[in-house]
Amino acid sequence: MGRIVYVNGEYLPEEEATVSIFDRGFLMADGVYEVTSVLDGKLIDFDGHAARLARSLAELDMAQPISHEELLAVHRELVARNGIDEGLVYLQITRGNPGDRDFVFPDPDETAPTVVMFTQSKPGLADNPAARAGIKVISLPDLRWHRRDIKTVQLLYPSMGKMAAKAAGAGDAWFVEDGKVTEGTSNNAYIVKGNRIITRELSNDILHGITRAAVLRFAAEAQMEVEERAFTIEEAQGADEAFITSATTFVTPVIEIDGVKVGTGEAGPKALRLREIYIEESRKAAI
Ligand code: PMP
């Protein structure tokens, strides 16, 4: 693809970018990440992603290796160098390469974190007929660790969830714990009943979605009621609408859960309206 990527302060052709086999991201999944969408060549919700990154690092006792200003500058530089109009910037920070394998964290004064960023071009990200048509989801037990509020690169179980969904002819899976939906494999989950948007409250059980925060704000502004509580798969199947949110899917309707149609079985008007508002407002606020 011939991308220019960023590794530890350098801009390099992707073929020349390397990370050590002793990097703790590789050996221990000891790293965090963020994904920021790009529309019209500009960054969506950048400040939210930067703030969550700082929190993820702090929760794992990792130092912040790059300032907010520098982070923004690198994001912009990568978007420019790779000519991204619609797509995303992926960022990953690991605890670095201590030169050997050991469970114990290395001394941060001796081992610098590894910072990697790259772009993905995704033309048609916003104006996506498939996303507007909605997706089917299946439910799966939530077997992830219990600090889902930290955005770590431990993505094996979510990957397995996506594979199970694909095998079942669905677009994604919703995880269920103690009888209630936590979230999707890579998105937050919602149902709509009447004028009310219902989504699980924030805790260590779910990732605190940056898109979630914006969509709940826009929902309230659009005179929709917002209720933050957990719900079951049965309640979701009987709801008027369902949808997911994430940085790259924005707001995407869910039309079927475990083979049961939600509402009419077509993308719901509230979800589509929220998608429209989110994309419109995000474009205006993009930097
Ligand atoms: N939950 C999980 C498990 C995720 O991986 C993601 C996407 N990173 C989200 C929710 C949505 O978060 P955001 O809106 O910040 O992309």
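Residues numbered from 1 in each chain as written. Predicted model: local features only at pLDDT ≥ 70, side-chain atom pairs only at ≥ 80, totals over all residues. Heavy atoms only, no water.

Draft legend 1. Molecular detail of the site of the ligand. The environment of the ligand is formed by 18 residues, the closest being Arg-52, Lys-151, Glu-183, Ile-210 and Thr-211. Within the side chain of Glu-183, a nitrogen or oxygen atom sits 2.6 Å from a nitrogen atom of the ligand. Here Ala-247 contributes a backbone N or O atom positioned 2.8 Å from an oxygen atom of the ligand. Protein contacts shield 92% of the accessible area of the ligand, which totals 390 Å² for the unbound molecule. If you map the ligand onto the pockets, it falls in the largest pocket. Those elements giving two or more residues to the shell around the ligand turn out to be α2 (46–59), β9 (180–184), α6 (210–221) and β13 (241–246). For the shell around the ligand, a count of residues per class yields four nonpolar, ten polar and four charged. A domain-level breakdown of the shell around the ligand finds at least three residues from each of domain 1 (4–121) and domain 2 (129–285). (Near = heavy atom within 4 Å. Polar contact = N/O pair within 3.5 Å; in protein donor to acceptor, adjacent residues only side chain to side chain. Areas by Shrake-Rupley, 256 points an atom, 1.4 Å probe, with all protein chains shown as cover. 1 Å grid on protein atoms, 1.4 Å probe; cavity = no way out; pocket = protein on both sides within 12 Å on 5 of 7 lines; lining within 4 Å. Sits in = over half its atoms within 2 Å of the grid points. Helix = DSSP H or I, 4+ residues; strand = E, 2+ residues; numbered from the N terminus. Nonpolar A, V, L, I, M, F, W, Y, C, P; charged D, E, K, R; others polar. Domains from an automatic or database assignment.)

Draft legend 2. Quick peek at unusual backbone geometry. The phi dihedral of Asp-40 falls on the positive side, at around 55 degrees, and the residue is not glycine. Tracing the chain through its elements places Asp-40 in the loop between β3 (31–39) and β4 (42–43). Unusually for a residue other than glycine, Asp-258 sits at a positive phi of about 50 degrees. In this fold, Asp-258 is placed in the loop between β14 (250–257) and β15 (260–261). The exposure class assigned to Asp-258 is partly exposed, which follows from its relative accessible area of 35%. (Buried < 20%, exposed > 50% of the residue type's maximum accessible area, 1.4 Å probe, protein only.)

Draft legend 3. Summary view of the pairing of strand β5 (residues 87–94). In terms of residue burial, β5 counts as a mostly covered element, since eight of its eight residues are buried. As paired elements, β3 and β5 share eight bridges and run antiparallel to each other. Residue pairing for β5: Tyr-33 is matched across the bridge by Gln-92. When β5 meets strand β6 (residues 114–121), the two strands line up antiparallel, connected through eight bridges. Directly across from Leu-88, in β6, lies its bridge partner Gln-120. (Pairing = 2+ DSSP bridges.)

Draft legend 4. Representation of α2 within the structure. The terminal C-alpha atoms of α2, which comprises 14 residues, lie 20 Å apart, in line with the 20 Å expected from a rise of 1.5 Å per residue. Taken together, the buried residues of α2 touch β3, β4, α3 (68–81), β5 and α6. (Expected span 1.5 Å × (residues − 1). Contact = heavy atoms within 4.5 Å.)

Draft legend 5. Quick look at the pairing of β14. Within β14, eight of the eight residues are buried, which leaves it mostly tucked inside the rest of the structure. As defined by bridge partners, strand β7 (residues 135–141) adjoins β14 across three bridges and the pair is classed as parallel. Bridged to Ile-135 within β14 is Val-254. Where β13 and β14 come together, five bridges link them in antiparallel fashion. Along β14, the bridge assignment pairs Ile-244 with Thr-252. The hairpin turn running from β13 into β14, its antiparallel successor, is three residues long. Two elements, β14 and β15, share two bridges in a ladder whose sense is antiparallel. Counterpart to Glu-256 in the pairing with β15 is Lys-261. Taking the residues between adjacent antiparallel strands as the criterion, β14 and β15 are bridged by two residues, where Asp-258 takes a positive phi near 50 degrees.

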